Amino acid sequence: MVKIRGVELEENLNNSMGLQFFNLSHRYGFQSPNWPYFQDVNIERIHYMAKSGVLSQRITTTMHQTTHIDAPAHVVQGTPFIDEVPLPHFFGSGLVVSIPKEKWEQITADDLEKACGHAIRPHDVLIINTGWHKFYEDGDYFAYCPGLVPSAGQWMIDKQIKVVGHDTQANDHPLATAIGPQRNGPLLPHLAEEYKEWSGGVDWKEAFPDWEPVHNMLFRAGILGIENVGGDLDAVTGKRCTFAYFPWNWDRGDGCIIRLVAMIDPNGTYKMETGETF
């Protein structure tokens, strides 16, 4: 047991179930890092102890803050909203793989095959650790993240992945989003010359001709995406785990902030209930 603010609670790594729980979500709240065109989270105390003897807070937020899951309807019109996606898509076993990347580097099919092609199974959860969760702050993180490219999306479709999560800003390379020369952009036009210098003379429109191609191909295939994975990601990298990441039952929701949790049963003794009557 662990005492938190005077209350004894079970521990993540030592509890009566014999399971180990690992938080893979970044913090959420006041001034949490923000994608370039979103407003800040606003939190107001409507009731507080001195006033009402209880604490109640009102939150104004986009659901694409911090660690969150996108509904297919976020990008592809006519596809399922978050409340319409069946619950098995928010729970399952899978892998956490290490694919270290630097500024603007691409996550490709070859990267995925080398990292986990021998171990991936149909309907797995796939979590990618590029190392960029360590840079999750306003500024360089959103503009300079590495990112998935279409070959990686096709690899995941071919392997029948259930959901992909990653410690980067979106399910696409940042320059294939509105940050770059795409629909609703460029939000950061100064990156055009910087990219040309970084790439040895390639124009960013030539390098990223399509708007959010990985979002589009994954969502049309029924593969959901978890963005901005973080927390204890390094502790479970290289391991097969069970994952839970349930969203709100939000009518026509375009996505949802989640608490992504990896679970390990070291002794193999915990079992799901069979539903027997009592």
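As the structure is a computational prediction, the values presented were derived from the model and not from experiment. (Residues numbered from 1 in each chain as written. Predicted model: local features only at pLDDT ≥ 70, side-chain atom pairs only at ≥ 80, totals over all residues. Heavy atoms only, no water.)

*Asks:* Go over the packing of aromatic side chains, please, and point to the residues and values.
*Replies:* Considering all chains together, one arrives at 14 aromatic pairs under this definition. Relative to Tyr195, the ring of Trp104 has its centre 5.4 Å away and its plane inclined at 65°; by these criteria the two rings are edge-to-face. On the criterion of sequence distance, the pair formed by Trp104 in the loop between strand 7 (91-98) and strand 8 (106-107) and Tyr195 in helix 5 (residues 191-199) is long-range, its members being 91 residues apart. The same class applies to Trp104 as to Tyr195, namely buried. Relative to Phe142, the ring of Tyr141 lies with its centre 5.0 Å away and its plane at 85°, an arrangement referred to as edge-to-face. Summarising the burial analysis for this pair, Tyr141 and Phe142 share the class buried. Taken together through their ring pairs, the aromatic side chains of Trp104, Tyr144, Tyr195, Trp198 and Phe208 make up a single cluster. Of note, Lys103 hangs over the ring of Tyr144, and the distance from its end group to the ring centre comes to 4.7 Å. Seen from the ring of Trp211, Arg183 lies directly overhead, with NZ or CZ sitting 5.3 Å from the centre. (Phe/Tyr/Trp six-rings, centres within 6.5 Å; stacked < 30°, edge-to-face > 60°. Helix = DSSP H or I, 4+ residues; strand = E, 2+ residues; numbered from the N terminus. Buried < 20%, exposed > 50% of the residue type's maximum accessible area, 1.4 Å probe, protein only. Lys NZ or Arg CZ within 6 Å of the ring centre and 35° of its normal.)

*Asks:* Any details on a nonpolar patch on the surface? Residues and values, ideally.
*Replies:* On the surface, Met17, Leu87, Phe91, Phe246, Tyr270 and Met272 cluster together into a nonpolar patch covering about 620 Å² of accessible area. Relative to the elements of secondary structure, Met272 occurs in the segment after strand 15 (261-264). By relative accessible area, Met272 is classed as exposed at 60%. (Patch = residues over 30% accessible without salt bridge, like charges linked within 9 Å, V, L, I, M, F, W, Y side chains within 5 Å. Areas by Shrake-Rupley, 256 points an atom, 1.4 Å probe, with all protein chains shown as cover. Salt bridge = Lys/Arg side-chain N within 4 Å of Asp/Glu carboxyl O.)

*Asks:* Hey, could you go over the pattern of salt bridges for me, with residue numbers and the actual values?
*Replies:* Inspection of the entire model under this criterion finds 7 salt bridges. With its nearest N and O atoms 3.7 Å apart, the salt bridge here joins Lys134 to Asp234. Highlighted residues: Lys134 in the loop between strand 9 (125-129) and helix 3 (140-144) and Asp234 in helix 8 (residues 233-236), separated in sequence by 100 residues. Given the relative accessible area of 59%, Lys134 is considered exposed. Overall, the relative accessible area of 40% leaves Asp234 in the partly exposed class. One salt bridge connects Arg252 with Asp251, and the closest N-O pair in it is separated by 2.9 Å. Its relative accessible area of 56% is what places Arg252 among the exposed residues.

*Asks:* Run through the sheet that holds strand 14 (residues 255-257), naming residues and quoting values.
*Replies:* The 9 strands lie next to each other as 3-15-13-7-9-11-12-6-14, forming an open sheet whose pairing is mixed. Single-partner strands in this sheet number two, and they are strand 3 (20-23) and strand 14. This sheet shows a mean twist of 25° between the axes of neighbouring strands, independent of strand direction. Across 5 bridges, strand 7 lies against strand 13 (residues 240-244) in antiparallel orientation. Bridge pairing in strand 13 links Phe91 to Ala244. Sitting on the sheet, helix 7 (residues 213-220) touches strand 6 (68-70), strand 11 (163-166) and strand 12 (224-227), and the angle it makes with strand 12 is about 135°. (Pairing = 2+ DSSP bridges. Axes fitted to C-alpha atoms, helices over the stretch in contact; angles between N-to-C directions. Contact = heavy atoms within 4.5 Å.)

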